[in-house]
Amino acid sequence: MRVFLARLYRTLVFQRPLVVIALLLLLTAGFAWYAQYFRLDVSADSLLMEDDKELEYSREVNQRYGVRDAVTIAFTPRNVDLLSEQSLSIMASIRDELLAMERVESVDSLLNVPVFGDTPLTGISEDYATVTDEGLDREAVRQELMTNPVFSNAIISPDGSTGAMLVSFYLDTRYIELINRRTELSNKQRAEGLTDAESAELRQVSNKFDAYSVEAAERRHQDIGQIREILAGYQDQVQLYLGGAPMIADDLVTFVQSDLATFSLGVFAFIVLALGLIFKRLRWVFLPLACCAIAGVIVVGILGVMDWRVTVVSSNFMSLLLIITISLTVHLIVRYRELRATRRFSPHHRLLKHSVLVMFRPCLYTALTTIVAFGSLVVSGITPIISFGWIMVMGVLTALCVVFLLFPAMMSLLPKDVTDYSRPPKLNLTGALATLTERSGNNLLWIYGLVFLVSALGISRLQVENSFIAYFDKDTEIYQGMKLFDDKLGGTLSFDVLVSLPVIEDSFDDGFDDGFDDGFEEEDNDAYWFTADKMNEIKRMHEYLDAHPQTGKVLSFGAVVQLAEELNGNQPVDSFLWALLYSMLPETLRSTVLTPFLSVEHNEARFNVRVIESDPDLNRDQLISDVKQGMQDEFGLAPQEVRVTGMLVLYNNVLQSLYQSQILTLGVVLGAIMLMFLVLFRSLKIAALCIIPNIIAAALVLGIMGWMGIPLDIMTITIAAISIGIGVDNTIHYMHRFRREFHRIGNYRQTMFYCHDSIARAMYFTSMTIVAGFSILVLSNFIPTMVFGLLTSIAMIVALLGALTLLPQLLITFNALGAESHPDAAD
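Criteria and thresholds
- Numbering of residues starts from 1 in every chain and runs along the sequence as written.
- Only residues with pLDDT of at least 70 are given local features in this predicted model, and only at 80 or more are side-chain atom pairs given and counted; all residues enter the totals for whole chains, interfaces and linings.
- Heavy atoms throughout the structure, all of them, feed into the side-chain values; hydrogens and water do not.
- UniProt positions are given in the numbering used here, feature names are shortened, and annotations may be inferred rather than shown by experiment.
- By definition, any uninterrupted DSSP run of H or I lasting at least four residues is a helix, any uninterrupted run of E lasting at least two residues is a strand, and each is numbered from the N terminus.
- With a 1.4 Å probe rolled over the protein chains alone, any residue whose accessible area is under 20% of its type maximum counts as buried; one over 50% counts as exposed, and the rest are partly exposed.
- Residue contacts are counted whenever heavy atoms from the two residues lie within 4.5 Å of one another.
- Note on areas: Shrake-Rupley with a 1.4 Å probe; residue coverage comes only from the protein chains shown.
- In this tally, Lys and Arg are treated as positive and Asp and Glu as negative; His is ignored, and so are the chain termini.
- Note that the charge is assigned to NZ on lysines, CZ on arginines, CG on aspartates and CD on glutamates.
- Nonpolar cores are built from buried Ala, Val, Leu, Ile, Met, Phe, Trp, Tyr and Cys residues. Side-chain atoms within 4.5 Å join them into one set.
- A helix is expected to span 1.5 Å for every residue after the first.
- Each polar contact in these results corresponds to two N or O atoms within 3.5 Å; when the atoms are within protein, one needs to be able to donate a hydrogen and the other to accept it, and residues that are neighboring in sequence are counted only if both atoms are side-chain atoms.
- Strands are treated as partners if at least two bridges between them are detected by DSSP.
- To get an axis, a line is fitted to the C-alpha atoms, and for a helix only the part in contact is used. The angle between two axes follows their N-to-C directions and goes from 0 to 180 degrees.
- We define a salt bridge as a contact between a side-chain nitrogen of Lys or Arg and a carboxyl oxygen of Asp or Glu at a distance within 4 Å.
- The cut-offs work like this: below 35 degrees is roughly parallel, past 145 is roughly antiparallel, 65 to 115 is roughly perpendicular, and the gaps in between are oblique.
- Each helix crossing is assigned a hand: it is left-handed if the near helix lies turned anticlockwise from the far helix by less than a right angle, otherwise right-handed if that turn is clockwise.
- Gly is put with the polar residues, along with every residue not named as nonpolar or charged; the nonpolar set is Ala, Val, Leu, Ile, Met, Phe, Trp, Tyr, Cys and Pro, and the charged set is Asp, Glu, Lys and Arg.
- An automatic or database domain assignment supplies the residue ranges for each domain.
- Aromatic rings from Phe, Tyr and Trp, taking only the six-membered ring of Trp, are treated as a pair when their centres fall within 6.5 Å; an angle between ring planes under 30 degrees marks them as stacked, one over 60 as edge-to-face, and anything in between as tilted.
- Either the NZ atom of lysine or the CZ atom of arginine qualifies as a charge over a ring when it sits within 6 Å of the ring centre and within 35 degrees of the ring normal.
- We call a pair of cysteine sulfur atoms a disulfide when they lie within 2.5 Å.
- Patch membership requires more than 30% relative accessible area and the absence of a salt bridge. Residues of like charge join within 9 Å; the nonpolar side chains Val, Leu, Ile, Met, Phe, Trp and Tyr join within 5 Å.

- By the naming in an unreviewed UniProt entry, the chain is Membrane protein, taken from Pseudohongiella spirulinae.
- What the UniProt record of the chain gives under Subcellular location (unreviewed entry) is the line "Cell membrane".

### Things to note about the overall build of the chain
Now for step 1: Counting its regular elements, the chain contains 26 helices and 9 strands.
Now for step 2: Counting only C-alpha atoms and orienting by the principal axes, one finds that the chain spans roughly 115 × 60 × 50 Å.
Now for step 3: Burial analysis of the chain (827 residues in total) assigns 56% to the buried set.
Now for step 4: The contacts in the chain between residues at least 6 apart in sequence include a share of 81% that link residues at least 24 apart.
Now for step 5: Summed over all atoms, the accessible surface of the chain reaches about 35,400 Å², with 57% contributed by carbon and sulfur.
Now for step 6: Put simply, the chain has 62 plus and 91 minus side-chain charges, and the middle of one group is 26 Å from the middle of the other.

### What about the nonpolar core?
Now for step 1: Leu98, Ile227, Phe495, Val497 and Phe557 are the most contacted members of the largest nonpolar core, which has 246 residues in total.
Now for step 2: Ranked by residue count, the leading element in this core is helix α12 (residues 383-413), at 17 residues.
Now for step 3: Not counting the four nearest positions on each side in its chain, Phe495 is found in contact with Phe607, Asn608, Val609, Val611, Leu623, Val627, Val644, Thr645, Leu648 and Val649.

### Describing helix α22 (residues 684-708)
Now for step 1: With 25 residues, α22 ought to run about 36 Å at 1.5 Å a step, and its terminal C-alpha atoms sit 36 Å apart, in line with that.
Now for step 2: Put simply, Ser683 is the residue that caps the front of α22, since its side-chain oxygen is 3.4 Å from the backbone nitrogen of Lys685.
Now for step 3: A positive backbone phi angle near 75° is found at Gly709, which sits one or two residues after α22.

### Here's the deal with the sheet that holds strand β2 (residues 104-108)
Two modes of strand pairing occur in sheets, parallel and antiparallel, and in both the strands are linked by backbone hydrogen bonds.
Now for step 1: A sheet is described by the order of its strands in space; here 4 strands give the open sequence β2-β3-β1-β4, paired in antiparallel fashion. Edge strands, defined here as strands with exactly one partner in the open sheet, are β2 and β4 (238-243). The mean angle between the axes of side-by-side strands here comes to 20°, regardless of whether they run parallel or antiparallel.
Now for step 2: The pairing of strand β1 (residues 70-77) with strand β3 (residues 163-169) spans 6 bridges and is classified as antiparallel. Each bridged residue has a counterpart across the sheet, and for Phe75 the counterpart in β3 is Gly163.

### Points about the pattern of salt bridges
Now for step 1: With the rule as written, the count across this model stands at 29 salt bridges.
Now for step 2: Ionic pairing is found between Asp159 and Lys488, a salt bridge with its closest N-O pair at 3.5 Å. Within this pair, whereas Asp159 is found in the loop between α5 (138-147) and β3, its partner Lys488 is found in helix α15 (residues 477-488), the two being separated by 329 residues in sequence.
Now for step 3: With a relative accessible area of 44%, Asp159 lands in the partly exposed category.
Now for step 4: Lys488 gets classed as partly exposed once you look at its relative accessible area, which sits at 24%.
Now for step 5: Between Asp223 and Arg220 there is a salt bridge, with its nearest N and O atoms 2.6 Å apart.

### Quick notes on the packing of helix α9 (residues 282-305) against α12
Now for step 1: At a minimum axis separation of 9 Å, α9 and α12 run at an interaxial angle of 140°. One element, α9, and the other, α12, form an angle in the oblique class. For the pair α9 and α12, the crossing hand works out as right-handed. Every residue of α12 that contacts α9 at Arg283, Trp284, Phe286, Leu287, Ala290, Cys291, Ile294, Ala295, Ile298, Val299, Ile302 and Leu303 is listed here: Ile391, Met394, Gly395, Thr398, Ala399, Val402, Val403, Leu406, Phe407, Met410 and Met411.
Now for step 2: The residue makeup of the contact of α9 with α12, split by class, is 20 nonpolar, 2 polar and 1 charged.

### Here we look at the environment of Pro347
Now for step 1: The topology assignment puts Pro347 in the loop between α10 (317-342) and α11 (348-375).
Now for step 2: A residue is classified by how much of its surface remains accessible, and Pro347, at 31% relative accessible area, is partly exposed.

### Regarding the domain arrangement of the chain
Now for step 1: Under the domain assignment used here, the chain contains domain 1 (1-42 + 249-460 + 653-814), domain 2 (52-248) and domain 3 (477-505 + 525-645).
Now for step 2: Taking only C-alpha atoms into account, the centre of domain 1 sits 53 Å from that of domain 3.

### Re the pairing of strand β6 (residues 551-555)
Now for step 1: Buried residues dominate β6, accounting for 5 of its 5 residues.
Now for step 2: As defined by bridge partners, β6 adjoins strand β8 (residues 604-611) across 3 bridges and the pair is classed as antiparallel. Counterpart to Leu555 in the pairing with β8 is Asn608.

### Details of the packing of helix α24 (residues 748-756) against helix α26 (residues 783-813)
Now for step 1: Running from amino to carboxyl end, α24 crosses α26 at an angle of 155°, the nearest separation of the two axes being 10 Å. By the angle between their axes, α24 is roughly antiparallel relative to α26. α26 is crossed by α24, and the crossing has right-handed handedness. The segment α24 lies against α26, with Tyr748, Arg749, Met752 and His756 engaging Leu804, Pro808, Leu811 and Ile812.
Now for step 2: Along the lines of polarity and charge, the residues of the contact of α24 with α26 split into 6 nonpolar, 1 polar and 1 charged.

### What about the environment of Gly481?
Now for step 1: Tracing the backbone through its elements, the reader meets Gly481 in helix α15.
Now for step 2: It is 37 Å that separates the C-alpha atoms of Gly481 and Pro639, two residues lying 158 residues apart in sequence.

### Details of the pairing of β4
For a regular strand, side-chain orientation follows a simple rule: the groups alternate between the two sheet faces.
Now for step 1: Counting buried positions over the 6 residues of β4 gives 5, a clear majority of the element.
Now for step 2: Relative to β4, β1 runs antiparallel, the two sharing 6 bridges. Of the residues in β4, the one forming a bridge with Ala74 is Tyr241.

### Brief notes about the packing of aromatic side chains
Two descriptors summarise a pair of aromatic rings, namely the distance from one centre to the other and the angle between the planes of the rings.
Now for step 1: Summed over the entire model, instances satisfying the criterion amount to 18 aromatic pairs.
Now for step 2: Taken together through their ring pairs, the aromatic side chains of Trp529, Phe530, Phe557, Trp578 and Tyr582 make up a single cluster.
Now for step 3: Lying across the ring of Phe169, Arg220 places its NZ or CZ 4.1 Å from the centre.
Now for step 4: Directly above the aromatic system of Trp284 lies the positively charged group of Arg283, at a separation of 5.7 Å from the ring centroid.

### Let's talk about α5
Each turn of an α-helix holds 3.6 residues, which means side chains three or four residues apart point in the same direction.
Now for step 1: Every buried residue of α5 is listed here: Arg138, Val141, Arg142, Glu144, Leu145 and Met146.
Now for step 2: N-capping of α5 is provided by Asp137, with a side-chain oxygen placed 3.1 Å from the backbone N of Glu139.

### Structural notes on the state of the cysteines
Now for step 1: Under the definition given, this model contains 0 disulfides.
Now for step 2: No disulfide involves Cys291; its sulfur sits 7.0 Å from the nearest other cysteine sulfur, which is in Cys292.
Now for step 3: Take Cys401: it sits in no disulfide, and the sulfur closest to it among the cysteines is that of Cys291, at 12 Å.

### Here's the deal with the side chain of Thr366
Now for step 1: For Thr366, the location among the structural elements is in helix α11.
Now for step 2: According to the relative accessible area criterion, Thr366 is buried, its value standing at 2%.
Now for step 3: A distance of 2.7 Å separates a polar side-chain atom of Thr366 from the backbone oxygen of Cys363.
Now for step 4: When sequence neighbours within four positions are dropped, the list of residues in contact with Thr366 reads Leu328, Asp729, Ile732 and His733.

### A look at a nonpolar patch on the surface
Now for step 1: On the surface, a nonpolar cluster with roughly 510 Å² of combined accessible area is contributed by Phe4, Leu5, Leu8, Leu12, Val19 and Leu23.
Now for step 2: When residues of the nonpolar patch are traced back to their parent elements, those giving at least two are α1 (2-15) and α2 (17-34).
Now for step 3: Among the elements that take part in the nonpolar patch, α1 stands out by supplying 4 residues, more than any other.
Now for step 4: For Leu12, the location among the structural elements is in helix α1.
Now for step 5: Residue classification places Leu12 among the partly exposed positions, given a relative accessible area of 31%.

### Quick notes on unusual backbone geometry
Now for step 1: Within the chain, Asn603 stands out as a residue other than glycine whose phi angle is a positive 50°.
Now for step 2: Relative to the helices and strands, Asn603 is located in the loop between β7 (598-599) and β8.
Now for step 3: Unusually for a residue other than glycine, Asn815 sits at a positive phi of about 45°.
Now for step 4: Considering the arrangement of structural elements, one finds Asn815 in the segment after α26.

Take a look at the structure:
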């Protein structure tokens, strides 16, 4: 079978090149059609672990308390007072335009929050006053709202200069139905198994949910875009910033799409320039780019066919595919040019066939080891990272197939290259590295040992703490908006604290005769749940959370309790009055201050705690742990009576799993590559020596992250795998050529110089081409893109240096290939 495939390959590629090119173009055209279904998924859920038990609980909590998707608008007038007629008129105009949107359910702002003034507690009704009512003292209203425990730092800033407009979207019942049914069937499958009918339903529901989630994400993107269009019409009069989790997710999509479009062109231009400067021939520029274009279209088409959505983590897959494709192509180009330099009168087709067939084996092994490197991400346990690993596995296989089909087929149709490649290059950097290695000798091993030690110290400084605001440059609108929300409106992102309230026996008599008709209907039995002791406990919990130095605004019923006491003449509110207030509370206020924070059915209170994202000392994991433990210690609660959940908790769970995932993935990839080295080189010594430069390359990149304070997050965790994947390519190519030439030359140092003047040039050209292209990414305003470009460039340089200095010195020092047959050949 192997012989048949080899014969078929030679026949098609070298004798029927037009057929191969036609088939590739036909295949590319087909996948180009499906590329229209390519999707980016940068929703909040795409950054989470799908099997995280907290995710299911978080969804349950959101449904229990009717939590809706919402965005917040920070409103700061430019030349007038916040509560002036002109300012309120603009706010009303914005509100009306927002409410006219199809999926906007409500807009809460200064325009509709109650102004109590001298209203007694028992006087609260549907006809409460608002800031727009005539005859109110606006300055008195400002002072009331600024000190109101419910609205201060939420609807109005503590300094009274900025207001907030909370835009709530309608609940997506279809989304909830699908996710609930999928969760129900998945849980049953894990617990007891499913019948054939239920298994079929689970597949059907999962497919429906996947399709519907794309539609829902697109609708939310349109909503955010429409809101931004509305706000743009008022920016000359009011400073407006948009905040909230849906906005952040949408901006992540926007930044990723922008970088993919803008910097892909920039990377492409830089790579074209680098290839032109290095090879100085049109064909050597056109061939790599043709291979990249076809491989890229096919991979994007496959992702579209499979509805395999790309997340923030995998958004750089195209850049990595570019690296791999160019690397494979450049190695073929350099090998052909080497043969052309030494065999100037040999026929073109013979040199081409020899170049392709000789390079196939090392390129196959580099592809397989790169696949292993990216495949190791599958064991991370984090959904977006697993997806990234599978995408790159598919991408590497595609690149290998395209390069070894398209390159020889197109070269077969091109005329013979008559350029004289026998003249040595004017600037022989690879030769200089060989000289440096020879002169340094074993001192080089000590230098790399020191590098590894410093890198290990840097790794010990690695942190997993990161914030969404850190993803954006300080000059961007989203950063400035999030900073404003942190400074004036209590923060943007939050987590929930759910407390199972103790059963408190309260007499409820309060001096009243039991036979007296208290006026409550049977349907108002929930009113009796609101006892004075229970409300006081909720207030104490609210104050405890609010007093924590790293929390922003706390939203809960505890603030309502504080307000009620203020309206009651700063006196405690008894149980009877609480029951009365519950019964008479206007529906408009009940849906705002009660339903989202209390569950009578579950005897539970919800505290929504905002976090100051821009706080440099913020440690989410420590904050979450402190809050949970503190609530237990302060209020005598059992561990099961306090649950902490929400987006920040779920994302923190991902971050905390990264250390384990990083160790696991690195262990798997290094073990698998070590095994492949054994298979390839059939020598334990060679395999061990070849793995050392790759370990140092990965350690150095991680060490740089530690020393520079770059956190290990859901995106930078892939850098180590990328470093190893790149380093392994260089190691295999160099070792494969070194071993073959050593048996011919018989001297280690002479073989090193020969390899540095041949295969090392291909490695150098590949690395410098990619470094030149990816250096442009550091200009991005999206920090993950900038960090990816910087660390990938560093990884390329480190991998190259390790393969061209450390590896040959290791081979020389440990006589990896046995005794020299010509020990004096170098003298």
